[in-house]
Structure formats: C-alpha cells, structure tokens
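# Commentary on secondary and tertiary structure
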Amino acid sequence: MFIDRADLYLEIMNSNWSEGEQIARSIAELLRDNGLDSGKVLEAFCGNGRVAIPLALQGYEVLGFDISLPFIQDARHKAEKYRVSDRAKFMVSDAREIDILLKGESFDAVMIVSTSLGYYDSMTDEVILRKLRSLAKDGAILIIANTFHRETPSWNCNRVFQRYGPLVLMEEMRFDPLWSKLLSKWTLLRDDGEGNLTKELEVLTEIRIYTSTELAEILRRAGWGVDSIYGDIRRREKFSPPCPYLSLLARAIQAPD
Ligand SMILES: C[S@@+](CC[C@H](N)C(=O)[O-])C[C@H]1O[C@@H](n2cnc3c(N)ncnc32)[C@H](O)[C@@H]1O
C-alpha cells in the first residue's frame with residue numbers, strides 16, 4: 001500500500017494534511033516546553049511530510065525519511081511549495097538501516113508520528129529505536145505521537161468507515177491477543193460523486209501494538225527514558241485507554257548493554 005499503491009495512501013495523507021499541521025503545532029509546543037526552541041529534528045516514517053513541513057515552518061530544521069519513494073517525492077515538492085526546502089529535507093530510507101545512512105549525524109530531537117512502529121516485530125522495533133538513539137545527542141528528545149496502543153478496549157470486531165475526499169475506507173479490525181497484533185482488512189472505495197462506489201483496493205494489514213508499559217520498556221532498552229505520556233497529542237490530554245492514541249515524550253539516556 002505504501003509503495004505499489006502509494007497514490008492511494010497519498011490521497012489519504014493529503015486529505016489529513018491539517019491533522020498533520022495540528023500534530024506539528026503540539027510537537028513544537030512540547031519541544032519548546034522542554035527547552036528546545038530550535039534545532040535539528042529527525043522524523044522517522046515521515047510519509048509525505050505532513051508533520052515535518054509544518055514543523056519546519058515553526059523554525060526547526062527537519063530531516064524526514066521514509067521507505068516510499070513517491071511519498072518522499074511528494075514531500076520534497078511540498079517543501080518547495082511551502083518555501084521551506086532549506087529547512088525540511090527528505091530522503092528515501094529503510095528505518096532498519098538508518099544508522100548506516102546517517103552515520104556521523106546527530107539530532108536534538110526525533111519524532112515518530114501515527115502508528116508507524118509495529119510493521120515488523122518487537123525485536124525489530126527495538127533495533128530501530130536503538131539506531132535512532134545512536135543518531136541522537138545525549139539528552140535529546142524523542143516524541144512518539146498518536147500511535148495505536150493495546151489498552152484500547154474497542155479493537156475487536158470493529159468496523160470503521162472513514163472518508164478522505166472521494167475515497168471511502170472501510171476498515172475491519174480484529175485483535176490477536178497472543179501476538180498483540182491488530183489485523184485489519186482495508187477496503188478502499190472511490191465515490192464518483194453520483195452515488196457509485198468502485199473498489200480501488202482490498203488489503204490485509206498487520207501491526208504489532210503495545211501497552212504503554214511495554215513500549216516504555218522497549219524504549220528504555222533502546223536508550224530512551226520515558227518522561228511523560230499522553231493520549232491524543234493534539235490536545236495534550238492525559239493518557240486514557242478509551243482513546244486509541246498513545247503519545248509519549250522520552251529523553252536519550254545510556255542504553256543498557
Ligand atoms: C502510518 S504511515 C505514517 C506516515 C506519517 N508518519 C504520517 O503521520 O503521515 C507509516 C509510514 O511508515 C513508512 N514505513 C513503513 N516501513 C518503513 C521502513 N522500514 N522504513 C521507513 N519507513 C517505513 C510507510 O511508507 C508510511 O509512510
């Protein structure tokens with residue numbers, strides 16, 4: 001979906017651009033409240049830059065990376081459109097190799113937005129977080145924003161409809177408690193505006209989701225100490241299980257051997 005049908009997922013991200021702007025505003029507030037008014041921010045799994053670009057508009061120097069070439073091309077194009085291409089740079093890269101590709105760089109903050117960890121397994125997530133730690137200054141800030149978590153009671157047998165412009169997404173979700181995986185069937189339909197829906201794509205997705213405690217433990221092993229946790233970052237609300245979002249702020253610490 002992110003590579004072969006990047007066109008469809010781009011439509012979804014573009015129709016959610018203003019959500020990205022809201023998330024960026026809250027991230028900037030959190031960074032400032034934690035003493036970072038400017039500096040270098042690395043965004044892992046950045047998609048088409050819907051958070052990186054608004055954050056660059058707030059004065060930060062952002063480098064985003066993503067595995068999908070069409071997303072990165074779109075992000076570069078938008079950085080020019082918003083006149084921040086000097087402060088918002090983008091590269092195609094696999095998170096599992098990011099330490100090699102950015103060897104020698106060091107960032108003041110790292111961010112991961114939306115449910116972007118969990119595509120592989122918890123060991124790989126730990127490796128990715130450790131690699132991101134190796135690119136962060138001591139004391140650097142990590143923000144994980146609006147990621148799905150395991151404590152939400154409503155995952156099972158949940159069918160959700162969402163509209164993104166002319167695209168209608170039907171998502172049927174099931175939670176696998178043994179592997180802590182959220183299994184979803186995505187059916188994407190296009191509305192021609194006259195009441196006719198045509199199926200564009202049907203795809204099965206599988207993502208490992210965590211409790212807040214599990215994620216904090218993985219982060220600690222990877223060299224990140226969690227300072228505070230929230231629910232939806234846009235409102236900086238307290239973490240509360242009925243809300244499907246978990247957000248957290250961590251600091252770069254020494255990783256245990
Ligand atoms: C749920 S989307 C979130 C995108 C973006 N953070 C946002 O909020 O709009 C997850 C992103 O992770 C990217 N991705 C998946 N596996 C990746 C990997 N191994 N390395 C880098 N990016 C990856 C996908 O291409 C996709 O853009």
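See the structure above.
The sections below set out a description of the structure shown in this document. (Residues numbered from 1 in each chain as written. Predicted model: local features only at pLDDT ≥ 70, side-chain atom pairs only at ≥ 80, totals over all residues. Heavy atoms only, no water.)

## Describing the pattern of salt bridges
Pairs may arise between side chains of opposite charge once their charged atoms sit close together. Convention followed: Whenever a carboxyl oxygen of Asp or Glu lies within 4 Å of a side-chain nitrogen of Lys or Arg, that contact is scored as a salt bridge. Partly exposed residues are those whose accessible area sits between 20% and 50% of the maximum for their type, while under 20% is buried and over 50% is exposed, using a 1.4 Å probe and protein chains only.
For the coordinates displayed, the defined rule picks out 27 salt bridges. One salt bridge in this structure joins E237 and R235, with 3.2 Å as the shortest N-O distance. With a relative accessible area of 24%, E237 lands in the partly exposed category. For R235, a relative accessible area of 55% corresponds to the exposed category. One connected set of salt bridges, linked through shared partners, spans E19, R50, D232, R234, R235 and E237.

## Observations regarding unusual backbone geometry
Spelled out, the test is: Numbered from the N terminus, helices here are DSSP runs of H or I no shorter than four residues, and strands are runs of E no shorter than two.
Phi is positive for N146, which is not a glycine, with a value near 50°. Take N146: it is sitting in strand β5 (residues 136-148). A residue is classified by how much of its surface remains accessible, and N146, at 3% relative accessible area, is buried. For S180, which is not glycine, the phi torsion reads 50° and is therefore positive.

## Examining the site of the ligand
Put simply, the test is: Near residues are defined by distance, with any heavy atom within 4 Å of the molecule or strand qualifying the residue. Two N or O atoms form a polar contact when they lie within 3.5 Å of each other; inside protein one atom must be a possible hydrogen donor and the other a possible acceptor, and for residues adjacent in sequence the pair counts only when both atoms belong to side chains. Shrake-Rupley sampling with a 1.4 Å probe provides the accessible areas, and residues are treated as covered by the protein chains on show and by no other component. Here the term charged refers only to Asp, Glu, Lys and Arg, the term nonpolar to Ala, Val, Leu, Ile, Met, Phe, Trp, Tyr, Cys and Pro, and the term polar to all other amino acids, Gly among them.
Taken together, 21 residues lie around the ligand, and F45, R50, D66, S114 and Y120 are the ones closest in. The separation between an oxygen atom of the ligand and a polar side-chain atom of R50 is 2.5 Å. A distance of 3.1 Å is found between a nitrogen atom of the ligand and a backbone nitrogen or oxygen belonging to I67. For the ligand, the accessible surface in isolation is 600 Å², of which the surrounding protein chains cover 96%. Partitioned by chemical class, the residues of the shell around the ligand number 11 nonpolar, 6 polar and 4 charged.

## Re the sheet that holds strand β4 (residues 107-113)
We count it as follows: Any two strands with at least two DSSP bridges between them are considered paired. Structural elements are reduced to axes, namely lines fitted to C-alpha atoms, with helices fitted over the stretch in contact, and the angle between N-to-C directions of any two is expressed from 0 to 180 degrees.
Taking strand neighbours across the sheet as the criterion, the 7 strands line up as β3-β2-β1-β4-β5-β11-β10 in an open arrangement whose pairing is mixed. The open sheet has two edge strands, β3 (88-92) and β10 (224-230), and neither has a second partner. Averaged over all adjacent pairs, the angle separating strand axes in this sheet is 20°, with direction ignored. Here β10 runs beside strand β11 (residues 245-252); their pairing, made up of 6 bridges, is antiparallel. Bridging from a neighbouring strand, W224 pairs with A252 of β11.

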